[in-house]
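The residues making up each chain are set out below.
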Amino acid sequence: MSDTDLDAFLAGDRLDHVVLFLTDDYLDDEGQLADYGAAVDGGVVLVVPGETGRKLFSAGTGMDAMEFAKRAMGTEGDIDRDLRGGTCPDCGEGVAYVLAFAEARNEDVGGIYAEGDVIHAYAACPDGTAFSDRWIVGEA
């Protein structure tokens, strides 16, 4: 994984991929999950095909990725547009990890989906609060 992989995802060029960001504090002691990604300031970022990403998320967090996303959708929060952090809406702290995927523009659905490709991001605070954010690809 390289910064180019993340940039491509953020530009909407990897709609079939998943992004994971795990903070240094959250990574396991053996760092096995880190072997799949790239070290960045404060943690590791992985950009991998969807099914692989869901499996790695489950391996790294002990949770099913889609169950986590459903739980996180119940609370809106702010996740950094580079997917490397965010702010918990409950306590104001940072995140332990982020899971993100992108969805192609879909005019039939309407709303934000008619405006462009949409990034869905889900995060967990170290205290366990799960929250979500979404935005149109390319929006700051």
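A short tour of the structure in this document, coming up. (Residues numbered from 1 in each chain as written. Predicted model: local features only at pLDDT ≥ 70, side-chain atom pairs only at ≥ 80, totals over all residues. Heavy atoms only, no water.)

### Details of the side chain of aspartate 5
- Note on placement: aspartate 5 falls in helix α1 (residues 3–10).
- Of note is the side chain of aspartate 5, whose polar atom sits 2.9 Å from the side chain of arginine 14.
- In contact with aspartate 5, not counting residues within four places along its chain, are Arg14 and Val47. (Helix = DSSP H or I, 4+ residues; strand = E, 2+ residues; numbered from the N terminus. Polar contact = N/O pair within 3.5 Å; in protein donor to acceptor, adjacent residues only side chain to side chain. Contact = heavy atoms within 4.5 Å.)

### So, the pattern of salt bridges
- Applying the stated criterion to the full structure yields 4 salt bridges.
- One salt bridge in this structure joins arginine 54 and glutamate 51, with 3.4 Å as the shortest N-O distance. One end of the pair, arginine 54, and the other, glutamate 51, are both in helix α2 (residues 50–61), 3 residues apart, so they sit about a helical turn from each other.
- Using a relative accessible area of 30% as the deciding quantity, one classes arginine 54 as partly exposed.
- Arginine 105 is the salt-bridge partner of glutamate 107, the closest N and O atoms lying 3.5 Å from each other.
- Under the relative-accessibility criterion, glutamate 107 is labelled exposed at 56%. (Salt bridge = Lys/Arg side-chain N within 4 Å of Asp/Glu carboxyl O. Buried < 20%, exposed > 50% of the residue type's maximum accessible area, 1.4 Å probe, protein only.)

### Concerning the side chain of aspartate 133
- With respect to the helices and strands, aspartate 133 occurs in strand β8 (residues 130–136).
- Within the structure, aspartate 133 has its side chain in polar contact with the backbone nitrogen of isoleucine 79 (distance 3.1 Å).
- A polar contact of 3.1 Å, which involves the side chain of aspartate 133, links it to the side chain of arginine 81.
- Here aspartate 133 is in contact with Gly77, Asp78, Ile79, Arg81, Ile119, His120 and Ala121, once residues within four sequence places are set aside.

### Some words on the sheet that holds strand β6 (residues 97–103)
- One open sheet holds the 6 strands; their spatial order is β2-β3-β1-β6-β7-β8, and the pairing between them is antiparallel. The sheet is open, and its two edges are formed by β2 (38–40) and β8, each paired on a single side. Across the sheet, the mean angle separating the axes of adjacent strands is 20 degrees when strand polarity is ignored.
- Summarising the sheet, strand β1 (residues 17–23) and β6 pair through 5 bridges and their orientation is antiparallel. Within the sheet, the bridge partner assigned to leucine 20 lies in β6 and is leucine 99.
- Across the sheet, α2 touches β1, β3 (43–49) and β6, and the angle it forms with β3 is around 145 degrees. (Pairing = 2+ DSSP bridges. Axes fitted to C-alpha atoms, helices over the stretch in contact; angles between N-to-C directions.)

Structural measurements only, silent on function.
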